[in-house]
Amino acid sequence: MNTFTLHLFAADRYERIDGAASFVGEDMSGSFGLLARHDRFMTVLTFGLARLLLSDGSREYLGFPGGLLYFIDNELRISTRRYLRDTDVERITQALTCELLEEEQALQQTRRKLHRLEAEMLKRLAQLGRD
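The model shown is predicted, which means the values in this text are computed figures rather than measured ones. (Residues numbered from 1 in each chain as written. Predicted model: local features only at pLDDT ≥ 70, side-chain atom pairs only at ≥ 80, totals over all residues. Heavy atoms only, no water.)

Undergrad: Would you mind going over the pattern of salt bridges in detail, with residue names and values included?
TA: Within the structure shown, the criterion is met by nine salt bridges. Residue Arg77 is joined to Glu75 by a salt bridge in which the shortest nitrogen-to-oxygen separation is 2.9 Å. Arg77 sits in the partly exposed class, given a relative accessible area of 28%. By relative accessible area, Glu75 is classed as partly exposed at 21%. Residues joined by salt bridges that share partners form a network here, namely Arg13, Glu15, Glu60 and Arg85. (Salt bridge = Lys/Arg side-chain N within 4 Å of Asp/Glu carboxyl O. Buried < 20%, exposed > 50% of the residue type's maximum accessible area, 1.4 Å probe, protein only.)

Laid out in structure tokens, this is it:
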């Protein structure tokens with residue numbers, strides 16, 4: 001069986017998984033799959049689950065809040081802020097819903113606050129320019 005290596009990069013850790021037989025993920029265009037020796041490929045992953053089949057027949061699930069996927073030279077690289085990895089689909093689905101959704105909501109709230117701060121700073125700079 002042909003296999004490839006998966007590299008998972010997150011803000012707080014790195015994992016290398018050898019012996020991956022297939023990867024199924026999702027981007028804005030929908031679901032896609034990758035096998036060993038795939039052509040060079042790059043996409044942006046959406047929030048959700050991905051499936052990884054290993055050469056021994058075992059299956060793992062990866063949860064992402066989004067990320068960048070790059071396949072080159074029979075190596076799959078995924079860069080993301082954070083990810084979850086588990087063999088039980090129910091457990092990872094629950095964790096993804098709870099943990100990553102909360103994190104995503106907190107991040108959106110922070111973005112809104114930064115946008116308001118930026119708007120207020122521009123407003124004050126405009127006032128200083130008039131004075």
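Undergrad: Report on helix 1 (residues 89-130), specifying residues and quantitative values.
TA: Over its 42 residues, helix 1 extends 60 Å from the first C-alpha to the last, a length consistent with the 62 Å expected when each residue adds 1.5 Å. Where helix 1 bends most, the angle comes to about 30°, and this point is Leu96. Among the residues of helix 1, Ile92, Leu96, Leu100 and Glu104 are the ones counted as buried. In the core, the buried residues of helix 1 are packed alongside strand 5 (48-54), strand 6 (59-64) and strand 9 (84-86). Taking the backbone nitrogen of Glu90 as reference, a side-chain oxygen 2.8 Å away marks Asp88 as the first, capping residue of helix 1. (Helix = DSSP H or I, 4+ residues; strand = E, 2+ residues; numbered from the N terminus. Expected span 1.5 Å × (residues − 1). Bend = angle between axes of the 7 residues up to and from the residue. Contact = heavy atoms within 4.5 Å. Polar contact = N/O pair within 3.5 Å; in protein donor to acceptor, adjacent residues only side chain to side chain.)

Undergrad: How would you explain the nonpolar core if you had to name every residue and give the values?
TA: Counting residues in hydrophobic clusters, the biggest one holds 21 residues, and the most contacted among them are Leu6, Leu8, Phe23, Phe64, Leu69, Leu76 and Ile78. When contributions to this core are tallied by element, the ones reaching two or more residues are strand 1 (4-9), strand 2 (14-27), strand 3 (30-35), strand 5, strand 6, strand 7 (67-72) and strand 8 (75-79). In contact with Phe23, other than residues within four places in its own chain, are Phe4, Phe32, Gly33, Leu34, Ala50, Arg51, Leu52, Leu62, Leu69, Leu76 and Ile78. Of all hydrophobic cores here, the second largest spans five residues; its members include Tyr61, Leu84, Ile92 and Leu96. (Core = buried A, V, L, I, M, F, W, Y, C linked by side-chain atoms within 4.5 Å.)

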